[in-house]
Amino acid sequence: MGIQDSPSLFEAAQGAPVDDPTRPLADRLRPQRLEEVVGQDHLLAPDAPLGRMIAAGRLPSIILWGPPGCGKTTIARLLAQRTGLGFESVSATFSGVAELRKVFATAARQREIGQGTLLFVDEIHRFNRAQQDSFLPYVEDGTVVLVGATTENPSFELNGALLSRCQVMVLRRLDQAALSELMDRAEALIGRRLPLTEAAHSQLVAMADGDGRYLLGMVEQVLSHARGQMARPAPPGTGDAGTGDAGTGEGAGGTAGPGDAGTGPADRGDPGPGTPSDPGLIDAGDLAAVVASRAPWYDKSGEEHYNLISALHKSIRGSDPQAALYWLARMLEGGEDPLYVARRLVHLASEDIGMADPGALQIALAAWEAYERLGSPEGELAIAQAVIHLATAPKSVAVYRGLTRARAAARATGSLAPPAHILNAPTRLMKELGYGQGYQYDPDTADGFSGADYFPPGYPPEQRECFYEPTGNGHERRIAERLAHWDSLRRSHEHDTPGP
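Computed from a predicted structure; not experimentally measured.

What counts as what
Residues numbered from 1 in each chain as written. Predicted model: local features only at pLDDT ≥ 70, side-chain atom pairs only at ≥ 80, totals over all residues. Heavy atoms only, no water. Salt bridge = Lys/Arg side-chain N within 4 Å of Asp/Glu carboxyl O. Helix = DSSP H or I, 4+ residues; strand = E, 2+ residues; numbered from the N terminus. Buried < 20%, exposed > 50% of the residue type's maximum accessible area, 1.4 Å probe, protein only. Pairing = 2+ DSSP bridges. Expected span 1.5 Å × (residues − 1). Contact = heavy atoms within 4.5 Å. pLDDT = per-residue confidence, 0-100. Core = buried A, V, L, I, M, F, W, Y, C linked by side-chain atoms within 4.5 Å. Polar contact = N/O pair within 3.5 Å; in protein donor to acceptor, adjacent residues only side chain to side chain. Right-handed = clockwise from strand over helix to strand, strands pointing away.

Q: Break down the pattern of salt bridges for me, citing the residues and quoting the values.
A: Under the counting rule described, the total for this entry stands at 15 salt bridges. Taking the shortest distance from any N to any O, the salt bridge between R373 and E369 comes out at 3.0 Å. Taken together, the positions of R373 and E369, both in helix α17 (residues 359-374) and 4 residues apart, correspond to about one turn of that helix. With a relative accessible area of 67%, R373 lands in the exposed category.

Have a look at this one:
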């Protein structure tokens, strides 16, 4: 199979690229060297893992794991270029075992003449287990150097045998500095500034949400909008002051050029946070009408799903309602099923709050029911109310720990029978066997508490553990006081209670 050079995701060549305006901007900004990659220095710097491998002249099979638009495909292609390996590319979305066999056969022939092959597999997590196994002998004997790209956690999506033969490299989403560098490179390539105020420039970077490819797509939308504005007749009386020409896009007549393209607020015609002096510039308020922001990256069945629900859970446990609301919003904006969140809140109410606030469980259940009755978006408000209640409630894991201890004791003690005095005796035979004999009805006792022993006769008191230990938080403070009072009564009534 031939080389599939996917468009660059985020970088421009430092030299003088051939500028063909008919090609997509991301393709025109294709990098030529690994040194031009932005945002991944933790892997590519000379003292970083990939940097050291390249310097040593030996590249093992690797898995590039990172979010969309961070440069996985670009890095793979440039690794082949730097190491002198032939580059073969397949996509798990479109390829099967038959296509892989052809690639392996070609790589084997190339190996016979001393030419190594780097096989890049995009979306490698989409291959099933059997397809992943087909890589093993060829990776093992060095027929190919495998570079797999995935947006999913390899620990979940790739089988252990393949992972043991590869090193996982984690790529980062592009930060603001890296995305701003892309904007600067795009402006250098087109030869003029984008028609944006400084605030709109910053907002465009934020709207990309770490995705370099998406950022460059939005830059093209801005340029297209500027060209459309220039094509419209000028309003009467505006003359030719040049407000519509300055920095409106590539190929447009204007005064801004590569040599005088500034980067500061004054160079962008932005006097500050107020209204821009140049009406030809797009301000932050109008940017949403020109470009569409990138939808937050979120996979309801992948690692991000578990990461965000973990963040929500721990924010509530840590009594931070602000962070909890943020993570709830992130999940809802990403398309998460609100009922999944509601179910988790019910679990959380028992695990992390328990008897410190007995009403927390009712609040969580009510939010679940409210969403089922109202749906979105109205029902989401009930879920938010539950999140805030749980985050601000006193916390206790005493119920969780108590059940855990009790279950361990139940497994250890086996099938011990309850004491006879607390068993019902509906038949004469059961009465003759002593069922219910000596039972004390607590409401009829002087203190409303009999102090009877309710454990199995074969479970000696010295071996019993205190399963539930209330904390001093919230409602459990009163529970602790009540239990201490009953312990005192039990000791005083001990001689009156039936033994095991």
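Q: So what about the pairing of strand β1 (residues 62-65)? Which residues, and what values?
A: Taking every second residue as pointing to the same face, both faces of β1 are buried, with I62 and L64 on one and I63 and W65 on the other. Relative to strand β4 (residues 145-150), β1 is paired through 4 bridges, and the arrangement is parallel. Along β4, the bridge assignment pairs I63 with G148. As paired elements, β1 and strand β5 (residues 167-170) share 4 bridges and run parallel to each other. Looking across to β5, one finds that I63 is bridged to V168.

Q: Quick rundown of helix α10 (residues 176-190)? Include the residues and the values.
A: When the terminal C-alpha atoms of α10 are compared, their 21 Å separation across 15 residues agrees well with the 21 Å that a helix rising 1.5 Å per residue should span. One or two residues past the end of α10 sits G191, with phi positive at roughly 85 degrees.

Q: Please set out the environment of A349 residue by residue, giving values where relevant.
A: Position of A349 relative to the elements: it lies in helix α16 (residues 338-353). Since its relative accessible area comes to 2%, A349 is described here as buried. Taking the C-alpha atoms as reference, A349 lies 9.8 Å from V387; in sequence the two are 38 residues apart. Once residues lying within four places of it in the same chain are set aside, the contact partners of A349 are G354, A360, L361, A364 and L390.

Q: Please give an account of the confidence of the model for the protein chain that cites residues and values.
A: Residues with a pLDDT of 70 or more make up 82% of the protein chain, whose mean pLDDT is 81. Between residues 1-18, whose pLDDT stays under 50, and residues either more than four places distant or in other chains, the model counts 65 contacts. Here residues 239-277 is a poorly scored stretch, pLDDT under 50, and it has 70 contacts once near neighbours within four places are set aside; other chains count.

Q: Go over the nonpolar core, please, and point to the residues and values.
A: Grouped together as the largest cluster of nonpolar side chains are 29 residues, with contacts concentrated most on L196 and L204. Of all the secondary structure elements, the ones that give two or more residues to this core are α1 (25-28), α10, α11 (198-207), α12 (212-231) and α13 (284-290). It is α10 that contributes the most residues to this core, 7 residues altogether. Counting residues in hydrophobic clusters, the runner-up holds 28 residues, among them I309, L312, L348 and V387.

Q: I'd like a rundown of the side chain of T197, residues and numbers included.
A: Examined against the element boundaries, T197 turns out to sit in the loop between α10 and α11. At a separation of 3.1 Å, a polar atom in the side chain of T197 contacts the main-chain amide nitrogen of A200.

Q: How would you sum up the pairing of strand β3 (residues 117-122)? Please name residues and give values.
A: Burial of β3 is extensive: 5 of the 6 residues sit out of reach of the surface. When strand β2 (residues 86-91) meets β3, the two strands line up parallel, connected through 6 bridges. Note that in β3 the partner of S91 across the bridge is D122. Considered for its hand, the β-α-β crossover made up of β2, helix α5 (residues 97-112) and β3 is right-handed. The pairing of β3 with β4 spans 4 bridges and is classified as parallel. Across the sheet, residue L118 finds its bridge partner in β4, namely V145.

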